[in-house]
Amino acid sequence: MTDEYQPQEIATVQRLRAELDANGKKLVFTNGCFDLLHAGHVRYLNEARALGDALVIGLNSDSSVRALKGAGRPLNGQNDRAEVLSALRCVDAVVVFDGERATALIEAIRPHIYAKGGDYTVDSLNPEERAALQEAASDIRILPLVPGRSTTGTINKMAGEKAGPRLRIAVLGSGEGSNLRAIIAAVENGTLDAEIAAVISDRRDSNFLKLGEESGLPVHFVDPGSNPRKLGEAAQKEIFDHLRRARADVIVLAGFMRILKEPVISAYGDRIVNVHPSLLPKHKGANAPQLALEAGDAETGCTVHLVTAEIDAGRVLAQAKVPVLPGDTSETLHARIKIEEHKLLPQVLREWQERGLPVRGAGES
Ligand code: GRF
């Protein structure tokens, strides 16, 4: 057998959809590059298939993978990728599409269910794709990506350690951990040459800590002490010890709800960053999205800044703007702000890795 495998035509998938529909069954659609299939893909596709009765994959063509991932990709041509995917029990058909978005394919197939993996919410889907899905009355389902598995991560492992020291990052948080997830993703997909050397939380039951654990990172719960707002002296010292042992270069506060004091602040001086959901100096402190709404702001955003003893007051390293939309609640606004945070924070860390630590300003050493 020397003939190349041929992916399905759209018309075949349209027939499949009509047949399913006639029998009261549901077609699930998802799309992606699937360059080097790994267990994360397989688990995700099995979960997607379980949402309905047949699974169709929109596979990015070779030129669209190049546009999305860079010149060295894909490793495997589109027909080979389609052949490997088609061999999975959970996959019924694979259709190749050009361009970075699957909009045209969604319009043609009109899937009953659309599955998307990763750090998305329905609000953060590409607006064109989302409009096409709404038009087709598709049920949109977001499935979590399997942490610790990625094609780029595998490629990096095969290429061996890159030259030069990797940035050692410690991440502190108390909440959902979506920013931690964004940092993990940037490390895994090779856009941030760093190692997450410690994941530290004051909340034992936080999603933040769970995510660190599931991703196989060194996690540490630090008992904050009896005061519900403050971080006790023993906890401040314990955090310092974890940071030292982890040989952290940079400390990232990603939704850490307590104030770091000595000895960490002096020891790590200019090497602590915080991400805050407003355009500082506006709306410092808690509930910043709510404050933006109450102030009637037309736009708000997020800020990555250096941490000093004064709350949310250190030098701003980067900001991104987000419009306030009619009907926004503090939740919808915060969710949109977070989408920008997830890009901004890894970007600041990348610049840090490439250019060295940001200095405070002229005249200071
Ligand atoms: C983010 O909005 C960050 O700006 C703020 O706390 C939130 C943390 O979110 N300081 P997550 O835990 O990263 O999802």
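These numbers come from a predicted model, not from an experiment. (Residues numbered from 1 in each chain as written. Predicted model: local features only at pLDDT ≥ 70, side-chain atom pairs only at ≥ 80, totals over all residues. Heavy atoms only, no water.)

Draft legend 1. Region of interest: a negative patch on the surface. A cluster of like negative charges, contributed by Asp-3, Glu-4, Asp-80 and Glu-83, occupies part of the molecular surface. Its location among the elements puts Asp-80 in helix α4 (residues 78–86). (Patch = residues over 30% accessible without salt bridge, like charges linked within 9 Å, V, L, I, M, F, W, Y side chains within 5 Å. Areas by Shrake-Rupley, 256 points an atom, 1.4 Å probe, with all protein chains shown as cover. Salt bridge = Lys/Arg side-chain N within 4 Å of Asp/Glu carboxyl O. Lys, Arg positive; Asp, Glu negative; His and termini not counted. Charge placed at Lys NZ, Arg CZ, Asp CG, Glu CD. Helix = DSSP H or I, 4+ residues; strand = E, 2+ residues; numbered from the N terminus.)

Draft legend 2. Region of the structure containing the packing of helix α8 (residues 178–188) against helix α9 (residues 207–214). Packing of α8 against α9 leaves a shortest axis separation of 9 Å and a crossing angle of 25°. When the axis of α8 is compared with that of α9, the two are roughly parallel. Across the interface between the two elements, Leu-180, Arg-181 and Ile-184 from α8 touch Phe-208, Leu-211 and Gly-212 from α9. Counted by class, the contact of α8 with α9 contains four nonpolar, one polar and one charged residues. (Axes fitted to C-alpha atoms, helices over the stretch in contact; angles between N-to-C directions. Parallel < 35°, antiparallel > 145°, perpendicular 65-115°, else oblique. Contact = heavy atoms within 4.5 Å. Nonpolar A, V, L, I, M, F, W, Y, C, P; charged D, E, K, R; others polar.)

Draft legend 3. Spatial organisation of the pattern of salt bridges. Going through the model one piece at a time under the given rule, you end up with 15 salt bridges. A salt bridge links Asp-92 to Arg-49; the shortest N-O distance between them is 3.8 Å. Here Asp-92, found in the loop between α4 and β3 (93–97), pairs with Arg-49, found in helix α2 (residues 39–49); they are 43 residues apart in sequence, far enough to count as distant. Close ionic contact of Asp-328 with Arg-336 constitutes a salt bridge, the shortest N to O distance being 2.7 Å. Side by side, Asp-328 and Arg-336 carry an identical accessibility label, which is buried. (Buried < 20%, exposed > 50% of the residue type's maximum accessible area, 1.4 Å probe, protein only.)

Draft legend 4. Region of interest: the sheet that holds strand β5 (residues 139–143). An order of β3-β2-β1-β4-β5 is seen for the five strands of this open sheet, with the pairing classed as parallel. Both outer strands of the open sheet, β3 and β5, are each paired with one neighbouring strand and no more. Between one strand axis and the next, the sheet turns through 25° on average, direction left out of account. Packed onto the sheet, α2 meets β1 (27–32), β2 (54–60), β4 (113–117) and β5 and runs at close to 135° relative to β2. (Pairing = 2+ DSSP bridges.)

Draft legend 5. Spatial organisation of the site of the ligand. If you check the shell around the ligand, you find Gly-175, Glu-176, Gly-177, Ser-178, Asn-179, Gly-255, Val-275, His-276, Pro-277, His-334, Lys-338 and Glu-341 and nothing else. Between a nitrogen atom of the ligand and a main-chain N or O atom of Val-275, the distance comes to 2.9 Å. Taking Pro-277, its main chain carries an N or O atom lying 3.4 Å from an oxygen atom of the ligand. The protein chains hide 90% of the 370 Å² of surface that the ligand would expose on its own. Looking at the shell around the ligand, the elements that each hand over two or more residues are α8, β10 (272–276) and α13 (330–355). Here the element with the most residues in the shell around the ligand is α13; it accounts for three residues. Classifying every residue of the shell around the ligand by side-chain character gives two nonpolar, seven polar and three charged. (Near = heavy atom within 4 Å. Polar contact = N/O pair within 3.5 Å; in protein donor to acceptor, adjacent residues only side chain to side chain.)

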